[in-house]
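Per-entry structural report
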Amino acid sequence: MNMEKEKWVENQLDKIPAYYNELVPSEELINRLNAIPSLNNQKDTMISIKFSVSIAAGIALLISLNLYSIFQNNTPTSSETLYSSYFDYLTEIV
């Protein structure tokens, strides 16, 4: 039984160099892989100053409008008047 196992192991070890020969890439594939960096000629994109200033101005405008709306409506209202003013359009239907 041991002899069969040893023969099988030796047989498998003899097959290993054949697997290595199959894994060697062809010369064409190596050339194509080496050509990839030259194909990728993307430049770094720079954001213009006008664009960044307009984004900052838009964010500042949104923040100021939110703050204005928070401080404009500082009078507390009861929930009853809030609901009645919200559903006021339904009284015209009835």
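None of the values given here were measured: they were computed from a predicted structure. (Residues numbered from 1 in each chain as written. Predicted model: local features only at pLDDT ≥ 70, side-chain atom pairs only at ≥ 80, totals over all residues. Heavy atoms only, no water.)

What to know about the overall build of the chain
Regarding its fold elements, the chain presents 5 helices and 0 strands. The linear arrangement of helices and strands in the chain, starting from the amino end, is α-α-α-α-α. Counting across all 94 residues of the chain, residues that qualify as buried make up 0%. Carbon and sulfur atoms make up 62% of the accessible area of the chain, which totals about 9,700 Å². (Helix = DSSP H or I, 4+ residues; strand = E, 2+ residues; numbered from the N terminus. Buried < 20%, exposed > 50% of the residue type's maximum accessible area, 1.4 Å probe, protein only. Areas by Shrake-Rupley, 256 points an atom, 1.4 Å probe, with all protein chains shown as cover.)

Looking at a nonpolar patch on the surface
A cluster of nonpolar side chains, contributed by I47, F51, I55, I59, I63, L67, I70 and F71, occupies part of the molecular surface with about 840 Å² of accessible area. A residue is classified by how much of its surface remains accessible, and I70, at 53% relative accessible area, is exposed. (Patch = residues over 30% accessible without salt bridge, like charges linked within 9 Å, V, L, I, M, F, W, Y side chains within 5 Å. Salt bridge = Lys/Arg side-chain N within 4 Å of Asp/Glu carboxyl O.)

Brief notes about the confidence of the model for the chain
Averaged over every residue, the pLDDT of the chain is 80; the share at 70 or more is 74%. Element-level mean pLDDT values for the chain span from 69 in helix α4 (residues 79-86) up to 92 in helix α3 (residues 49-72). (pLDDT = per-residue confidence, 0-100.)

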